[in-house]
Number of protein chains: 2
Amino acid sequence: MEKLTSLIREIPDFPRPGILFKDITPLLEDADAFHFAVTEMATRAKGLRPTKIVSIESRGFIFGAPLAYELHCGLVIVRKPNKLPHKTTKIEYALEYGVDRLEMHVNSLQKGDRVIIVDDLLATGGTAAATAELVSRTGASVEALLFLCELPALHGRQKLKDYDVVSLVSF
Amino acid sequence: MEKLTSLIREIPDFPRPGILFKDITPLLEDADAFHFAVTEMATRAKGLRPTKIVSIESRGFIFGAPLAYELHCGLVIVRKPNKLPHKTTKIEYALEYGVDRLEMHVNSLQKGDRVIIVDDLLATGGTAAATAELVSRTGASVEALLFLCELPALHGRQKLKDYDVVSLVSF
């Protein structure tokens with residue numbers, strides 16, 4: 001895991017002053033590190049016997065898609081407003097200032113689906129909690145939320161108390 | 001390939017009136033179809049001995065990431081403006097009305113890298129041609145552009161004459 005940590009670059013004041021952004025692109029560009037990260041996620045996810053991977057736009061796709069491929073699951077994508085073309089179920093959630101919205105196609109999940117939600121980063125947990133709520137509404141079960149990277153200082157797990165949360169590296 | 005085609009849903013008038021949108025989400029949600037699509041892409045890409053997969057935001061990530069994983073390549077992401085946090089190289093390209101811009105981190109590719117560019121859909125080819133130009137500027141070689149799906153009526157290949165273009169299905 002030390003190698004993964006060393007390949008996540010910190011960029012000060014992005015996207016806004018005062019934010020120390022975790023840039024995962026050096027990790028993605030390193031073939032061994034990217035392969036190891038996906039393999040590790042798959043190892044942790046496998047025992048949960050997921051039927052669907054739900055991944056969150058857009059960096060979540062980068063880990064959700066290979067995980068769905070490796071575990072031979074369907075991939076469901078959760079997107080920002082007005083990106084999905086068919087009938088969607090929507091959720092609003094609070095940001096530091098204002099609200100944001102996520103959408104998922106209705107009928108993407110069925111009762112009985114066992115879901116792992118995948119994103120690159122667990123920060124405040126708002127996006128992840130909203131996604132878990134979207135998934136739960138369908139009658140599918142959230143078996144775990146799986147992240148490449150976690151910022152424990154932002155207490156994201158407090159918003160995800162009802163769920164199992166796994167991250168490969170912490171800062 | 002017939003199964004892939006049957007799982008791409010047509011949505012009229014999305015995102016604008018007059019556009020017949022190809023919705024790939026039913027294909028993604030079908031574990032067998034998604035696995036088959038990635039495996040087929042990998043089969044076609046393997047002989048080109050790529051060192052890097054370049055994928056285009058954001059649906060391109062859905063195929064580029066598992067392909068990089070399967071072929072054990074680094075993954076480079078090309079994004080819309082102001083999404084990449086480090087120093088970028090930029091390109092503008094013409095749309096039907098106005099211009100759009102793409103960015104890639106400088107130093108993501110080196111001279112000698114063998115690149116396959118991956119996206120979900122080849123339509124007019126503007127985005128793909130701009131990405132190929134971004135890649136070529138670095139001194140890396142574009143070995144091929146690889147798409148899940150192609151709309152030949154929009155003549156995207158005309159903008160990509162200098163390159164090998166592969167798509168799994170055509171409409």
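Residues numbered from 1 in each chain as written. Chains lettered and ligands numbered in written order. Predicted model: local features only at pLDDT ≥ 70, side-chain atom pairs only at ≥ 80, totals over all residues. Heavy atoms only, no water.

Participant: Mind showing me how you'd approach the packing of helix H3 (residues 31–46) of chain A against helix H4 (residues 59–71) of chain A here?
Facilitator: When two helices pack together, their arrangement is given by the angle between the helix axes and the distance between those axes. Residue and element names in this part refer to chain A. Close contact between H3 and H4 brings their axes to 9 Å; oriented N to C, the two are set at 60 degrees. It follows from the interaxial angle that H3 and H4 lie oblique. Crossing geometry of H3 relative to H4 is assigned as right-handed. Between H3 and H4, the residues in contact are Phe 34, Ala 37, Val 38, Met 41, Ala 42, Ala 45 and Lys 46 and Ile 62, Phe 63, Pro 66, Leu 67, Glu 70 and Leu 71, respectively. Here the contact of H3 with H4 is built from residues that sort into 11 nonpolar, no polar and two charged. (Axes fitted to C-alpha atoms, helices over the stretch in contact; angles between N-to-C directions. Helix = DSSP H or I, 4+ residues; strand = E, 2+ residues; numbered from the N terminus. Parallel < 35°, antiparallel > 145°, perpendicular 65-115°, else oblique. Left-handed = near helix turned anticlockwise from the far one by under 90°. Contact = heavy atoms within 4.5 Å. Nonpolar A, V, L, I, M, F, W, Y, C, P; charged D, E, K, R; others polar.)

Participant: How should the relation of the copies chain B and chain A be read in this particular structure?
Facilitator: Copy one and copy two of the chain differ by a rotation about a common axis and a shift along it. When chain B is fitted onto chain A, the two copies agree to an RMSD of 0.0 Å after a turn of 180 degrees and an axial shift of 0.0 Å. Such a combination of rotation and displacement between the chain copies is what one expects of a two-fold axis. Among all residues of chain B, the minimum C-alpha distance to the rotation axis is found for B:Pro66, at 2.0 Å. Counting the interface residues of chain B, we find that 100% of their copies in chain A are interface residues as well, pointing to one common contact surface. (Least-squares fit on C-alpha atoms with pLDDT ≥ 70 in both.)

Participant: Even after reading the chapter, I still don't get the interface of chain B and chain A, so can you show me in this structure?
Facilitator: Accessible area lost during the coming together of the parts is what is often quoted as the interface size. Taken together, the contact between chain B and chain A spans 40 residues of the former and 40 residues of the latter. Between chain B and chain A, roughly 3,400 Å² of surface is buried when both sides are summed, and carbon and sulfur atoms account for 63% of that area. When the area that chain B buries against chain A is broken down by residue, the three leading residues are B:Glu29, B:Tyr69 and B:Pro85, summing to 22%. Here chain B is connected to chain A by zero salt bridges. Going through the elements one at a time, strand E1 (9–12), strand E2 (20–23), helix H2 (25–29), helix H3 (31–46), helix H4 (59–71) and strand E4 (74–78) of chain B are the ones with two or more residues in the side of chain B that touches chain A. (Buried area = accessible area lost by both parts, 1.4 Å probe. Salt bridge = Lys/Arg side-chain N within 4 Å of Asp/Glu carboxyl O.)

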